[in-house]
Every structure is written in C-alpha cells, then in structure tokens.
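The chain contents come next:
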Amino acid sequence: MTLTVNGERQETDAATLACLLEALELGDSVVATALNGRFVRAVDRDRTALKDGDAVEILAPRQGG
C-alpha cells in the first residue's frame, strides 16, 4: 500500500501504525504520531490499522532553547 509519511509517499506492507514504526526503525523511539491529522497515543498504535492513502506524521521531541 502507499502511505504519505511526513509529506513523502512511501510503499509499505505495515498493517498497523506500530508495524510502520518498526519498519522505519523507530519502534523504540520516543515519537508522537498522527494518522490523517488525528493524534494517536503510543498505547493505541498496535491497534491502529493503516489503509492505502493514509497520511502519517511522525514527530520527535526536540531539546534546546
């Protein structure tokens, strides 16, 4: 299926948001996620199904000032 991940089209076989993060080697990272503009809590990623055409945003926290 084709997803848009952080604004870029990407092919994936990931069935869930958690699987997508694993495929992107971000499974253990502290990140915020959104699916089609809606925030997805970390505890909900395993049961958040992906479908062709979905838009995923993955954001990492920043430090500094």
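Scroll up for the structure.
As the structure is a prediction and not an experimental result, all values here were calculated from the model.

Engineer: Any chance you could explain the sheet that holds strand β1 (residues 2-5) here in plain terms?
Structural biologist: The strands that make up a sheet are held in pairs by hydrogen bonds between backbone atoms, and each pair lies either parallel or antiparallel. The 5 strands lie next to each other as β2-β1-β5-β3-β4, forming an open sheet whose pairing is mixed. Here the strands that pair on one side only, and so sit at the sheet edges, are β2 (8-11) and β4 (38-40). Recorded for the sheet is a direction-independent mean angle of 35° between the axes of neighbouring strands.

Engineer: Could you clarify how one ought to interpret the pairing of β1 in this entry?
Structural biologist: Regular strands place their side chains on alternate faces of the sheet. Inspection of the sheet shows β1 paired to β2 by 4 bridges, in the antiparallel sense. In the strand pairing of β2, Thr 4 is matched with Arg 9. With antiparallel pairing between neighbouring strands as the criterion, β1 and β2 make up a hairpin whose turn holds 2 residues, including Asn 6 at a positive phi of roughly 50°. For β1 and strand β5 (residues 55-59), the ladder comprises 2 bridges, and the chain directions are parallel.

Engineer: When you look at the pattern of salt bridges in this model, what are you seeing that I'm missing?
Structural biologist: Side-chain pairs of opposite charge can arise whenever the charged atoms involved come near each other. What the rule picks out here adds up to 3 salt bridges. With a closest N to O distance of 3.0 Å, Arg 41 and Asp 44 form a salt bridge. We classify Arg 41 as partly exposed; its relative accessible area is 46%. According to the relative accessible area criterion, Asp 44 is buried, its value standing at 17%. When the shortest N-O distance is used, the salt bridge between Asp 54 and Lys 51 registers 3.2 Å. The class for Asp 54 is buried, based on a relative accessible area of 3%. Here Lys 51 falls in the exposed class, since its relative accessible area comes to 53%. Connected via shared salt-bridge partners are Arg 41, Asp 44 and Arg 47.

Engineer: Hey, could you run me through the nonpolar core in this one?
Structural biologist: Most often, soluble globular proteins keep nonpolar side chains buried together rather than apart. One finds Leu 3, Val 5, Ala 14, Leu 17, Leu 20, Leu 21, Val 31, Leu 35, Val 40, Leu 50, Val 56 and Ile 58 forming the largest nonpolar core, which totals 12 residues. Listing elements by their share of this core, those giving two or more residues are β1, α1 (17-23) and β5. The dominant element in this core, judged by the number of residues it contributes, is α1, at 3 residues. For Val 5, the contacting residues outside a window of four places in its chain are Gln 10, Leu 20, Leu 24, Val 56 and Ile 58.

Rules and cut-offs
Residues numbered from 1 in each chain as written. Predicted model: local features only at pLDDT ≥ 70, side-chain atom pairs only at ≥ 80, totals over all residues. Heavy atoms only, no water. Pairing = 2+ DSSP bridges. Helix = DSSP H or I, 4+ residues; strand = E, 2+ residues; numbered from the N terminus. Axes fitted to C-alpha atoms, helices over the stretch in contact; angles between N-to-C directions. Salt bridge = Lys/Arg side-chain N within 4 Å of Asp/Glu carboxyl O. Buried < 20%, exposed > 50% of the residue type's maximum accessible area, 1.4 Å probe, protein only. Core = buried A, V, L, I, M, F, W, Y, C linked by side-chain atoms within 4.5 Å. Contact = heavy atoms within 4.5 Å.

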